[in-house]
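# Residue-level structure breakdown
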Amino acid sequence: MRITQGTFSFLPDLTDKQITAQLEYCLGKGWAVSIEYTDDPHPRNTYWDMYGNPMFDIRDAAAILLEINACRKTFPRHYIRVMAFDSTHGTESVVLSFIVQRPENEPGFRLIRTEKPGRTLRYSIESYAMQNNPAGSRY
């Protein structure tokens, strides 16, 4: 089960050439790029740790790819994503994000349904990583 967060999460992993093309697109739009990483990709965990500072002044996709590769080397078993920020007035938000690295083992999540009084159902998500099952056995 692959974590599906970001723009290209349903596609196969992007190659460095494809990542560079996306970085060039972001830079062409005038967006600032940042790199983030986490070992907890829970859907509600939107605030990942930043790798370095946002690259507001870098206009070279190769330089950003060097930073991505440095992050990969530092955190080989983490999720790493690229975020593009549009600072133009009226937008001022993240306009593109995509995962550039995944760990070898992605345990995924399971949906938990709990019945409450008054025929109310509550749903929550629990990571398979929180269980002590061997890799590959989720249920």
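## Observations concerning the overall build of the protein
- Broken down by element type, the protein carries two helices and six strands.
- When the helices and strands of the protein are read in sequence order from the N terminus, they spell out α-β-β-α-β-β-β-β.
- Burial status across the protein gives 37% buried among its 139 residues.
- When the accessible area of the protein is evaluated, it comes to approximately 9,200 Å², of which 51% is carbon and sulfur surface.

## Looking at the sheet that holds strand β3 (residues 79-86)
- In space, the four strands of this open sheet follow the order β2-β1-β3-β4, with antiparallel pairing throughout. The open sheet is flanked by β2 (49-50) and β4 (93-101), the only strands paired with a single partner.
- Across seven bridges, the pairing between strand β1 (residues 32-38) and β3 is antiparallel. Residue pairing in the sheet places A32 in a bridge with F85 of β3.
- Its contacts with the sheet place helix α1 (residues 16-28) against β1, β3 and β4, and it is angled at close to 165° to β4.
- Docked against the sheet, helix α2 (residues 61-74) engages β1, β3 and β4, running at close to 10° with respect to β1.

## Observations concerning the packing of aromatic side chains
- On inspection of all chains with the given rule, the structure shows five aromatic pairs.
- A centroid spacing of 5.6 Å and a plane angle of 65° characterise the contact between F8 and F98, whose relative ring orientation is edge-to-face. Taken together, the positions of F8 in the segment before α1 and F98 in strand β4 put the pair 90 residues apart, joining distant regions of the chain.
- Given a relative accessible area of 22%, F8 falls into the partly exposed group.
- Measuring from centroid to centroid gives 5.7 Å for Y25 and W31, while their planes differ by 80°, and the two rings are edge-to-face.

## Topic: the nonpolar core
- By size, the foremost hydrophobic cluster in this structure holds 23 residues, and its most contacted members are I19, L23 and I68.
- Elements with a minimum of two residues in this core: α1, β1, α2, β3 and β4.
- Considering each element in turn, this core owes the most residues, five residues, to α2.
- Leaving out residues up to four positions away in the same chain, I68 has contacts with I19, L23, I35, V82 and V100.
- Core analysis: the next-biggest nonpolar cluster, separate from the first, contains five residues, I3, W48, I99 and F109 among them.

Scoring rules and cut-offs
Residues numbered from 1 in each chain as written. Predicted model: local features only at pLDDT ≥ 70, side-chain atom pairs only at ≥ 80, totals over all residues. Heavy atoms only, no water. Helix = DSSP H or I, 4+ residues; strand = E, 2+ residues; numbered from the N terminus. Buried < 20%, exposed > 50% of the residue type's maximum accessible area, 1.4 Å probe, protein only. Areas by Shrake-Rupley, 256 points an atom, 1.4 Å probe, with all protein chains shown as cover. Pairing = 2+ DSSP bridges. Contact = heavy atoms within 4.5 Å. Axes fitted to C-alpha atoms, helices over the stretch in contact; angles between N-to-C directions. Phe/Tyr/Trp six-rings, centres within 6.5 Å; stacked < 30°, edge-to-face > 60°. Core = buried A, V, L, I, M, F, W, Y, C linked by side-chain atoms within 4.5 Å.

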